[in-house]
Amino acid sequence: MRWHAEYAWLGDGVAADVLIEADGERFTSVMPGVPAPPDAARLPGLTLPGLANAHSHAFHRALRGRVQAGRGTFWTWREQMYKVAERLDPVSYRALATAVYAEMALAGISCVGEFHYLHHGPDGEPYGEPNAMGEALIAAAADAGIRITLLDACYLTGGIGQPLKGPQLRFGDGTAGNWARRVDSLYEATGKTARPHARVGAAIHSVRAVPREQLASVASWAKQHRAPLHVHLSEQPAENEACEAEYGVTPTRLLADCGALGALTVAVHATHLTEEDIGLLGTTTTGVCMCPTTERDLADGIGPARDLCDAGAPICLGSDQHAVIDLFEEARAVELDERLRTRQRGHWSSGELLAAATSTGHYGLGWPEAGRLEPGSYADLVTIALDSVRTAGAGAEFAAEAAVFAATAADVRNVVVSGREIVRDGRHLLVADVPAALAAAIAEVTAEPETEPED
């Protein structure tokens with residue numbers, strides 16, 4: 001397999017006339033300054049490594065447009081999210097997730113981190129196959145042609161000291177030990193079967209959802225398996241207040257005391273932090289996943305991304321609730337939000353933000369051998385147009401800046417994942433009509449049930 005990129009971002013800058021070769025799912029050579037050979041597929045525009053969406057809740061995509069009307073808070077939004085959670089089963093979830101992951105592929109995403117807590121039946125009883133919902137997500141990623149890290153979330157309480165209730169019953173395993181036994185079977189099944197597109201990691205939903213005495217068990221599982229561990233952290237001030245009232249420390253300090261921070265951990269959001277929190281995340285090299293389009297949609301606030309990065313915490317990106325699926329928008333929002341917070345410009349270079357969307361994101365998902373255009377890396381690439389109404393005129397000198405600060409998902413033209421062409425000329429090759437698939441899957445889980453006519 002050979003591709004010839006008009007321009008390509010190689011990690012330290014943009015190069016012209018780049019010949020890229022792969023054998024199977026890995027790159028074998030990346031050579032700039034080479035004339036296009038006749039047998040190479042032409043890639044006009046700017047070619048990047050595949051993008052990594054480090055934080056996704058696939059079923060939240062059904063809420064797009066439905067939760068933007070009127071006022072409200074994170075907590076009122078959550079009630080609407082629970083209504084969708086009640087309606088899903090393994091069949092409908094696979095259909096919805098396939099369409100969502102196909103939308104991601106069209107946006108240049110080659111790997112997704114699915115933060116998965118919708119485990120059981122509507123009454124909280126396990127399915128006959130206890131990991132049926134997780135298996136549906138793994139199958140959906142294959143259907144859409146992308147890789148997945150299934151971040152199986154431990155979710156035991158409805159708040160600190162509060163039992164699960166209503167739709168939350170679907171999330172719980174009772175104890176961290178029960179959670180670990182269920183995830184062990186999923187982890188082993190994924191390793192033994194021919195599913196090279198999937199890996200399994202762990203997640204602590206939040207310190208609201210996992211009691212202090214059980215946090216260490218989840219962290220230990222991740223360390224034992226050398227698996228990624230993700231956690232929602234300080235997304236809301238109310239979470240911090242409840243944690244400090246119950247335990248006398250911030251959520252970050254609680255996680256540190258329980259051994260849950262470190263290089264394989266990614267804290268999601270990390271919006272409301274103290275200076276000590278920032279230092280703890282940085283000195284442990286804990287990653288931080290920023291999800292700006294969700295954080296602004298839910299009025300969560302602007303997190304201290306630059307301070308975290310300067311302290312030593314690598315930054316990656318996620319689309320979270322999928323108000324939009326566009327990692328170019330997420331990347332530039334990290335810079336633009338910082339400008340709003342400080343009223344100064346130029347906090348992040350385009351190269352830093354592209355790294356957050358590619359190599360750093362893949363590392364945080366447990367795929368360190370992906371996210372780079374170099375020999376030995378997974379053969380993932382995404383090409384964006386440099387002649388659209390958004391990107392025209394930037395030229396080669398500013399191609400990286402055009403990608404970060406002007407391009408959108410609509411500018412993605414070609415996507416290759418593990419050496420396999422998934423998107424060609426803006427068209428998904430595996431899911432024939434992605435908008436129609438999205439519409440049908442969303443209608444299935446949001447339509448009001450029919451009522452029986454009265455006699």
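In the block above lies the structure referred to throughout.
Residues numbered from 1 in each chain as written. Predicted model: local features only at pLDDT ≥ 70, side-chain atom pairs only at ≥ 80, totals over all residues. Heavy atoms only, no water.

Caption draft 1: Here's a closer look at the pattern of salt bridges. For the structure shown, the criterion picks out 23 salt bridges. The shortest N-O distance in the salt bridge between Asp-380 and Arg-147 comes to 2.7 Å. With a gap of 233 residues between them, Asp-380 in the loop between helix 13 (359–364) and strand 13 (381–384) and Arg-147 in strand 7 (residues 147–154) connect regions that are remote in the sequence. The same class applies to Asp-380 and to Arg-147, which are both buried. Across the salt bridge formed by Asp-310 and Arg-306, the nearest N and O atoms sit 2.9 Å from each other. Taken together, the residues span about one helical turn, with Asp-310 and Arg-306 both in helix 10 (residues 305–311) at a distance of four residues. For Arg-306, a relative accessible area of 12% corresponds to the buried category. The network of salt bridges with shared partners includes Arg-2, Glu-21 and Asp-39. (Salt bridge = Lys/Arg side-chain N within 4 Å of Asp/Glu carboxyl O. Helix = DSSP H or I, 4+ residues; strand = E, 2+ residues; numbered from the N terminus. Buried < 20%, exposed > 50% of the residue type's maximum accessible area, 1.4 Å probe, protein only.)

Caption draft 2: Quick look at the packing of helix 2 (residues 90–106) against helix 15 (residues 434–446). Contact geometry for helix 2 and helix 15: axes closest at 9 Å, N-to-C directions at 145°. Between helix 2 and helix 15 the crossing geometry is left-handed. Residue-level inspection shows Ser-92, Ala-95, Leu-96, Ala-99, Val-100, Ala-102, Glu-103 and Leu-106 of helix 2 in contact with helix 15, the latter providing Val-434, Ala-437, Leu-438, Ala-441, Ile-442, Glu-444 and Val-445. For the contact of helix 2 with helix 15, the class distribution of residues is 12 nonpolar, one polar and two charged. (Axes fitted to C-alpha atoms, helices over the stretch in contact; angles between N-to-C directions. Left-handed = near helix turned anticlockwise from the far one by under 90°. Contact = heavy atoms within 4.5 Å. Nonpolar A, V, L, I, M, F, W, Y, C, P; charged D, E, K, R; others polar.)

Caption draft 3: The arrangement of the layout of surface pockets in detail. What the largest pocket holds in volume is close to 270 Å³. Secondary structure elements with two or more residues in the lining of the largest pocket: helix 1 (74–87) and helix 15. By residue number, the principal contributor to the lining of the largest pocket is helix 1, which donates four residues. Partitioned by chemical class, the residues of the lining of the largest pocket number six nonpolar, two polar and four charged. Reported here for the second largest pocket is a volume of approximately 200 Å³. Forming the walls of the second largest pocket are 15 residues, and the residues nearest its centre are Val-67, Arg-71, Gly-72, Thr-73 and Asp-297. Among the elements that line the lining of the second largest pocket, the one with the most residues is helix 1, at four residues. Among the residues making up the lining of the second largest pocket, the classes are represented as six nonpolar, six polar and three charged. (1 Å grid on protein atoms, 1.4 Å probe; cavity = no way out; pocket = protein on both sides within 12 Å on 5 of 7 lines; lining within 4 Å. Points joined across faces, edges and corners; volume = space filled by probe spheres on them.)

Caption draft 4: The pairing of strand 13, seen in detail. Here strand 13 shows two buried faces, one formed by Leu-381 and Thr-383 and the other by Val-382 and Ile-384. Where strand 4 (residues 41–49) lies against strand 13, four bridges are found, and the strand directions are antiparallel. From the neighbouring strand, Pro-49 faces strand 13, where its bridge partner is Leu-381. The pairing of strand 13 with strand 14 (residues 412–417) spans four bridges and is antiparallel. Paired with Val-382 across the two strands is Val-415, which belongs to strand 14. (Pairing = 2+ DSSP bridges.)

Caption draft 5: Fine view of helix 2. With 17 residues, helix 2 should cover 24 Å at 1.5 Å per step; its first-to-last C-alpha distance of 24 Å lies within 8% of that length. With 12 of 17 residues buried, helix 2 lies mostly within the body of the structure. For helix 2, the complete set of buried residues consists of Ser-92, Tyr-93, Leu-96, Ala-97, Thr-98, Ala-99, Val-100, Tyr-101, Ala-102, Glu-103, Met-104 and Ala-105. A side-chain oxygen of the first residue of helix 2 lies 3.0 Å from the backbone nitrogen of Val-91; this N-cap is Asp-89. Among the residues trailing helix 2, Gly-108 stands out with phi positive, at a value near 95°. (Expected span 1.5 Å × (residues − 1). Polar contact = N/O pair within 3.5 Å; in protein donor to acceptor, adjacent residues only side chain to side chain.)

Caption draft 6: Just the sheet that holds strand 12 (residues 315–317), in detail. As summarised here, the arrangement of the eight strands in space is 5-6-7-8-9-10-11-12, forming an open sheet in which the pairing is parallel. Two strands bound the open sheet, and with one partner strand each, they are strand 5 (51–56) and strand 12. Averaged over all adjacent pairs, the angle separating strand axes in this sheet is 25°, with direction ignored. For strand 5 and strand 6 (residues 109–116), the ladder comprises four bridges, and the chain directions are parallel. Across the sheet, Ser-56 pairs through a bridge with Glu-114, a residue of strand 6.

Caption draft 7: Broad picture of the sheet that holds strand 13. Taken in spatial order, the eight strands of this open sheet run 3-2-1-4-13-14-15-16, and their pairing is mixed. Each edge of the open sheet is held by one strand with a lone partner, namely strand 3 (26–31) and strand 16 (427–428). Here three bridges tie strand 14 to strand 15 (residues 420–424), and the two strands are oriented antiparallel to one another. Each bridged residue has a counterpart across the sheet, and for Val-417 the counterpart in strand 15 is Arg-420.

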